[in-house]
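Analysis of the macromolecular model
Chain by chain, the residues run as shown.
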Amino acid sequence: MTPSKKDVQLSIPRSVADALALPEGRKKEELQRELAISLYREDMLSFGKARELAEMSKQAFGRLLGERCVERHYGPDELAEDLRYARGEVSSHDEGAAD
């Protein structure tokens, strides 16, 4: 994802980034996923926006939440989306279109 004028960037101190037990090429990806999980868990981001931040498909992010024992927030919007999908009104390639 290329930053644009509208993107917000976080500054992580080099000492903290160096302390992460991850290969250099995976640090950004893993930090984004961890932030997405945390913000979703705390109900600060919807599933769709957290998934977008994590740069993951709907299914992959759902699996990741399950692996981390994070309860899904399931309300009227999610029910309506699931019903549209069940009726064939939303295809699998439309995933993430709704939050």
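In this report, we go over the structure that sits alongside the text. Residue positions are counted from 1 within each chain, in the order its sequence is given. In keeping with the model being predicted, local features are shown solely for residues with a pLDDT of at least 70 and side-chain atom pairs are shown and tallied solely at 80 or more, while totals for entire chains, interfaces and linings include all residues. In computing side-chain values, all of the structure's heavy atoms are included and hydrogens and water are not.

Secondary structure is summarised from DSSP: a helix means a run of H or I of at least four residues, a strand means a run of E of at least two, and numbering begins at the N terminus for each. Looking only at helices and strands, the chain features five helices and zero strands. Along the chain, from the amino end to the carboxyl end, the secondary structure elements read α-α-α-α-α. Burial status across the chain gives 23% buried among its 99 residues. Any two residues whose heavy atoms approach within 4.5 Å at even a single point are treated as in contact. Restricting the contact set of the chain to residue pairs at least 6 apart, pairs at least 24 apart contribute 43%. Element-wise, carbon and sulfur atoms account for 54% of the exposed surface of the chain, whose accessible area totals about 7,300 Å². Any residue under 20% of the maximum accessible area for its type is buried, any over 50% is exposed, and the rest in between are partly exposed; the area is computed with a 1.4 Å probe on protein chains only. To measure how exposed things are, a 1.4 Å probe is used in the Shrake-Rupley method; for residues, cover is taken only from the protein chains shown.

Turning to the pattern of salt bridges, a few remarks are in order. Once their charged atoms are close, side chains differing in charge can pair, the charge on each being opposite to the other. The term salt bridge refers to a side-chain nitrogen of Lys or Arg lying within 4 Å of a carboxyl oxygen of Asp or Glu. This model, assessed by the stated rule, comprises eight salt bridges. Two residues, Arg 14 and Asp 18, come together in a salt bridge whose shortest N-O distance is 3.1 Å. With Arg 14 and Asp 18 both in helix α1 (residues 14-19) and four residues apart, this pair spans about one turn of that helix. Close ionic contact of Glu 24 with Lys 27 constitutes a salt bridge, the shortest N to O distance being 3.4 Å. What you see here is one network of salt bridges that share partners, running through Arg 14, Asp 18, Glu 24 and Lys 27.

Moving on to helix α4 (residues 58-67). Of all the positions in α4, only Ala 60, Phe 61, Gly 62, Leu 64 and Leu 65 are classed as buried. Structurally, α4 contributes buried residues whose contacts are with α2 (27-41) and α3 (47-54). Of the residues one or two after α4, Cys 69 is the one with positive phi, at around 60 degrees.

Patch rule: a residue counts if its relative accessible area is over 30% and it has no salt bridge; like charges are joined within 9 Å, and nonpolar side chains (Val, Leu, Ile, Met, Phe, Trp, Tyr) within 5 Å. On the surface, a cluster of nonpolar side chains totalling about 540 Å² of accessible area is made up of Val 8, Leu 10, Ile 12, Val 16, Leu 31 and Leu 35. Inspection of the secondary structure puts Ile 12 in the segment before α1. For Ile 12, a relative accessible area of 39% puts it in the partly exposed group.

Here we come to the side chain of Lys 27. When you line up the elements, Lys 27 lands in helix α2. The term polar contact refers here to a pair of N or O atoms within 3.5 Å; inside protein, the definition further demands a hydrogen-donor-capable atom paired with an acceptor-capable atom, and it admits residues adjacent in sequence only when both atoms are side-chain atoms. At a separation of 2.6 Å, a polar atom in the side chain of Lys 27 contacts the main-chain carbonyl oxygen of Ala 17. Setting aside residues up to four positions removed in sequence, Lys 27 forms contacts with Ala 17, Asp 18, Leu 20 and Leu 22.

Moving on to unusual backbone geometry. Although it is not a glycine, Glu 55 sits at a positive phi angle of roughly 55 degrees. Summarising the element assignment, Glu 55 is placed in the loop between α3 and α4. Not every positive phi belongs to a glycine, and Cys 69 is a case in point at roughly 60 degrees. Assignment of secondary structure puts Cys 69 in the loop between α4 and α5 (76-86).

Keep in mind that these numbers describe shape and distance, not what the molecule does.
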